[in-house]
Amino acid sequence: MQPLSQAEAVARAALVQVHSYHVDLDLTGTSSGPRFTSTTTVSFSCRQPGAATFAELKAIGVELARLNGRDLGPGAVAGGRLALPDLLADNTLEVRATMECTNTGEGLHRFTDAEDGEVYLYAQSFLDDAARIFACFDQPDLKAPLSLTVTSPPSWEVRGNGAGTRVGPGRWEFAPTAPLSTYVVSLVAGPYQVWSATHDGVALGLVCRRSLAPYLDAQAAEIFEITTGCLDHYHELFGIRYPFGKYDQAFVPEFNMGAMENPGLVVFRDELVFRSAVTEAERERRAVVIAHEMAHMWFGDLVTMRWWDDLWLNESFAEYLGTRVTAAATRFTDAWTSFAVGRKSWGYAADQRPSTHPVAPDDVADTARALLNFDGISYAKGASALRQLVEWVGDDAFLAGLRAYFTAHAFGNATLDDLLTALARASGKDLTAWSAAWLRRAQVDTLRPEVILDDSGAYVSVEITRTAPADHPAERPHRVGIGVYDSDPDNAPDGAPGPVTLVRRVLVDLPSSPAGGRTPVPELAGTRPGRLLLLNDGDLTYAKIRFVAGELPGLGAVLAELGDPLARAVVWAAVADATRDAEWPAADYLALAARALPAERSVAVFEDALRFAAATVVDVFLPERDQPAARAALAGACRRVIAGAAGTSGLLLAAARGLVRCAGTSEADELRGWLTGRGVPDGLVVDPDLRWLVLDRLVVLDAAGEAEIAAELDRDRSTRAAEHAARSRAAIGEPAAKARAWQAVTEDRATSVRLVAATAQGFWRPEQAELTAGYVDRYFADMPTLASARSPHAVRQVAAAAFPRYAVEAWTLAAAQEMLSRGDVGQVLSRVVVDAADDLRRALTARELHLRVISAP
Ligand SMILES: [Zn+2]
């Protein structure tokens, strides 16, 4: 299939205007097979009668293709495009085609529930897959109302973007929608179960498959509460009512992303219906996704980017508003803390790779390229830039600008310039330089403090230096908080230094061109330094930060005593960043983690810091021989949390998961006991997902194998169990198991991409370097073939998971570079390998530093 280029989209939008779609889908055959029939009537006008264009159609058979009553002939479709010659001023296109469901989450995904054998469908039109469902002009700026009719097996529930009515057994009619871009057209069909409510005149629905119904039933009240809180808050912020009638939220299986913002029918991955215990941080993440998708109803759906180069108008805003509204309108008031330590680290990592790009790139040549920009830059960096913008122009002006933007472009399309015009008018500020520096430039600044003390120990001067990478020069202004933190002896237990609290905070503007990159902070002259001088206190800006050198040795102790969770998140993220940069030795990070993790009270911060410590610092940055001791130290930190954990925040669960993940051979017996109820920590429930985690670790420790996995599958026949089992089977430490797993990863097309990706995730384990050494070369030999045969989402997921990330050797890097230099690998695989190779390069540097440090006298 040929990707649509921006030039083609511009030309087509200049030529045609789409007035309406009517789509009729016959899904009756999908209960037993993958095929369905799609009949589409498109009404559109043409500004240059006599001209030609094309529509997208990704069908396996075309029964009828008629333009203005004239048969287009069998040769009209090629490469996913239907040629439309000799256009009239007003045109009617009729297409009836046989289409195929996928197992990749693209187009109409077909899923069979492992638990009860029921078949479920959902439509994912994003990014250019609408034509897998109906013939259309598949670009964001050709919006049109769509009416849908569906024939399904009689027992099925069908939901679409518009309100639906069952007009007969298995026959559904949906009200015409407001004008929609094709990439947000959706439906779900199957024996789904539905929960309904009404709030402020909006009909709300929750949808999930039957085998998850008991869980959603228990969680529906929480989800409705978050949904209605967010809806009220958006109405208040925007002053424009939710524009798409009813609001269904469907939880669907094997979904590729977190969720998709289809108007009136948001689709979520159904891992967000929790079937086992979760932490408050995981519940918060679900709330943020709910708020994020709802933000899209305005940002993306009501006003849509003209082309994918303005993807950030969708994702950066939804990310920013999703976090802001969660913090303001739900019980998860610390959402910005989780953002600081989790999402933002994702942004920083993506922004420092060779594949970095501006938040708003000048040029996104085609839809294939557009897909690559769904990364930490378009989401987290863009959201952080918006947070800076709000500091810059003020919240009232920001919101007034947004309202004007929505009003001017409702049900239409817009660009970066349109948004900046609205914000500049509302704020009275010229945003040209700001947007050039923040939105049109890649990479991230580093802020460092430089302090001079007088004889009494007070600051004589405090200066902040701002540097951008030499190969990505930029003059970014920052509004940044600077905090002085110190112990509070008045509140200390006997003999202890006392909790670390904020003594002084100043808000400083770092101008875009400070002399020599330095900005003095005269407000702090004469202030006594505390135990921590924290740049970016409050996390208002997006920048790497460093610390006063003399404060580094005490940082672990400060973290353990620092009361403000957001300040801790900023510190944790900064030390992780310095470790990734090999400015900090891995051993120093681990010592800090061992000291501060047991004291961490924010479960979101705990989970993130532990994940980085275990999955990156231990598994990748340390040589194999030093890994077991480091894992033991982290397991020890988790044991201290388990011993002291109380309440329901989930710290106990998070620490128990951490202990399982880091357990060594000597702890295998203890873990096996958990599966039979022996020696389980007080208050911990060993439920299905935790059982699978334990079993997976036992497999890696050679303390369980195929027999135990099969037995667990007997207990738990769910789809989630099938994924766990695939992951663990790939981890079995025998050559035959590895050979089977690799074959599945590279050759299995019949199984859903989700399950194949689970096998790939389970394949590489740091403990099995010797066993899997022969597969490093296989990766670089096999992936180009896989990439040429599979869809973008399949390549992205499988190739990323299957990369030999623990083969931290110069020759792995060389093999990656050799493969990339061949130039026949395609954009998606190329991007996966460029990013993974960059991680590998960092790992090699971190290991060099580690060896230097431990061999130093
Ligand atoms: Zn989004």
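Quick caveat, the model's predicted, so the values are computed rather than measured.

Peer 1: In this structure, what is going on with the overall build of the chain? I would like to understand it.
Peer 2: When helices and strands are counted, the chain shows 27 helices and 29 strands. What you see for the chain is a C-alpha radius of gyration of 28 Å, in line with the 29 Å of a compact globule of 857 residues. Dimensions of the chain along its principal axes, counting C-alpha atoms only, are 90 × 70 × 55 Å. By residue count, 61% of the 857 residues in the chain fall in the buried class. For the chain, the share of sequence-separated contacts (at least 6 apart) that also reach a separation of at least 24 residues comes to 73%. About 30,600 Å² of surface is accessible on the chain, with carbon and sulfur atoms providing 52% of the total. The chain carries 83 positive and 109 negative side-chain charges, and their two centres are separated by 1 Å.

Peer 1: Quick question: what am I supposed to make of the packing of aromatic side chains here?
Peer 2: Aromatic rings in a pair are described by how distant their centres are and how their planes are angled relative to each other. In the structure shown here, the tally under the stated rule is 41 aromatic pairs. Judged by centre distance (6.3 Å) and plane angle (65°), the ring pair of F126 and Y183 falls under edge-to-face. In this pair, F126 is assigned in the loop between β10 (119-124) and β11 (146-151) and Y183 in the loop between β14 (171-174) and β15 (187-190), connecting sequence segments 57 residues apart. Each member of the pair, F126 together with Y183, is buried.

Peer 1: Got a minute to help me understand the packing of helix α14 (residues 603-621) against helix α16 (residues 651-662) in this structure?
Peer 2: If you want to describe how two helices pack, look at the angle between their axes and the distance between the axes. Interhelical geometry of α14 versus α16 gives an angle of 10° and a closest axis separation of 10 Å. Between α14 and α16, the crossing angle belongs to the class labelled roughly parallel. Across from V603, F606, E607, L610, A614, A615 and D619 in α14, the residues of α16 making contact are L651, A654, A655, R657, G658, R661 and C662. Considered class by class, the residues forming the contact of α14 with α16 number nine nonpolar, one polar and four charged.

Peer 1: I would appreciate a short explanation of the pairing of strand β28 (residues 532-535) in the present structure.
Peer 2: Regular strands show a simple pattern: their side chains alternate between the two faces of the sheet. What you see with β28 is no split at all: L532 and L534 on one side and L533 and L535 on the other are buried throughout. Pairing between strand β25 (residues 478-487) and β28: four bridges, direction antiparallel. In the sheet register, Y485 faces β28, and the bridge partner there is L532.

Peer 1: Any chance you could explain the coordination of the zinc ion here in plain terms?
Peer 2: Each pair of donors in an ideal four-coordinate tetrahedral metal site encloses 109.5 degrees, whereas pairs in an ideal six-coordinate octahedral site enclose 90 or 180 degrees. The zinc ion binds to the protein through H292 (NE2), H296 (NE2) and E315 (OE); the donor distances cover 2.0 to 2.1 Å. Counting gaps between the donor residues of the zinc ion yields the pattern H-x3-H-x18-E. In this pair, H292 and H296 are both assigned in helix α3 (residues 280-296), four residues apart and thus about one turn of the helix distant. Taken as a pair, H292 and H296 share a single burial class, namely buried.

Peer 1: Could you clarify how one ought to interpret the sheet that holds strand β1 (residues 16-26) in this entry?
Peer 2: Strand pairing in a sheet relies on backbone hydrogen bonds, with the paired strands running either antiparallel or parallel. Read from one edge to the other, the open sheet built from eight strands follows the order β5-β4-β8-β2-β1-β11-β14-β13, with strand pairing classed as mixed. On the outer flanks of this sheet lie β5 (70-71) and β13 (164-168), each paired with one strand and no other. Packed on one face of the sheet, helix α1 (residues 6-15) meets β1 and β2 (35-46) and runs near 100° to β1.

Peer 1: Looking at this structure, I do not really get helix α26 (residues 810-822). What am I missing?
Peer 2: Because the α-helix completes a turn every 3.6 residues, residues three or four places apart line up on one side. The end-to-end C-alpha distance of α26, which contains 13 residues, comes to 19 Å, matching closely the 18 Å that a straight helix rising 1.5 Å per residue would cover. Turning to α26, its buried residues number three or more, namely T812, L813, A815, A816 and M819. Buried residues of α26 fall within an arc of 160° about the axis and therefore sit on the same side. For α26, exposure combined with an orientation more than 90 degrees from the buried face picks out A810 and S821. Along its buried surface, α26 packs onto α24 (775-789) and α27 (827-855). Just past α26, the residue G823 takes up positive phi, approximately 75°.

Peer 1: Explanation requested: the environment of A633 in the structure shown.
Peer 2: Mapping A633 onto the fold places it in helix α15 (residues 627-644). For A633 and A591, which are 42 residues apart along the polypeptide, the C-alpha to C-alpha distance reads 8.7 Å.

Peer 1: Would you mind going over the pairing of strand β18 (residues 247-252) with me for this structure?
Peer 2: Among the six residues in β18, six count as buried, and that is most of the element. Of the two faces of β18, both are covered, the one formed by Y247, Q249 and F251 as well as the one formed by D248, A250 and V252. Taken together, the four bridges between strand β17 (residues 202-208) and β18 define a ladder with parallel strand orientation. Looking at the pairing, G205 lines up with D248 of β18. Note that the unit made of β17, helix α2 (residues 213-238) and β18 has a crossover that is left-handed. Relative to strand β20 (residues 265-269), β18 is paired through five bridges, and the arrangement is parallel. Across the sheet, V252 pairs through a bridge with R269, a residue of β20.

Peer 1: Is there a simple way to explain the sheet that holds strand β29 (residues 544-545) in this structure?
Peer 2: Across the sheet, which stays open at both edges, the four strands sit in the order β27-β24-β23-β29 with mixed pairing between neighbours. Across the chains shown, the open sheet's two edge strands, defined by having one partner strand only, are β27 (518-520) and β29. Pairing of strand β23 (residues 446-453) with strand β24 (residues 459-467) involves eight bridges; the strand directions are antiparallel. If you follow L453 over to β24, its bridge partner there is Y459.

Cut-offs applied
Residues numbered from 1 in each chain as written. Predicted model: local features only at pLDDT ≥ 70, side-chain atom pairs only at ≥ 80, totals over all residues. Heavy atoms only, no water. Helix = DSSP H or I, 4+ residues; strand = E, 2+ residues; numbered from the N terminus. Rg over C-alpha atoms; globule rule 2.2 N^0.38 Å. Buried < 20%, exposed > 50% of the residue type's maximum accessible area, 1.4 Å probe, protein only. Contact = heavy atoms within 4.5 Å. Areas by Shrake-Rupley, 256 points an atom, 1.4 Å probe, with all protein chains shown as cover. Lys, Arg positive; Asp, Glu negative; His and termini not counted. Charge placed at Lys NZ, Arg CZ, Asp CG, Glu CD. Phe/Tyr/Trp six-rings, centres within 6.5 Å; stacked < 30°, edge-to-face > 60°. Axes fitted to C-alpha atoms, helices over the stretch in contact; angles between N-to-C directions. Parallel < 35°, antiparallel > 145°, perpendicular 65-115°, else oblique. Nonpolar A, V, L, I, M, F, W, Y, C, P; charged D, E, K, R; others polar. Pairing = 2+ DSSP bridges. Donors = N, O, S within 2.8 Å, 3.2 Å for Na, K, Ca; no water. Expected span 1.5 Å × (residues − 1). Arc of directions from axis to C-beta. Right-handed = clockwise from strand over helix to strand, strands pointing away.

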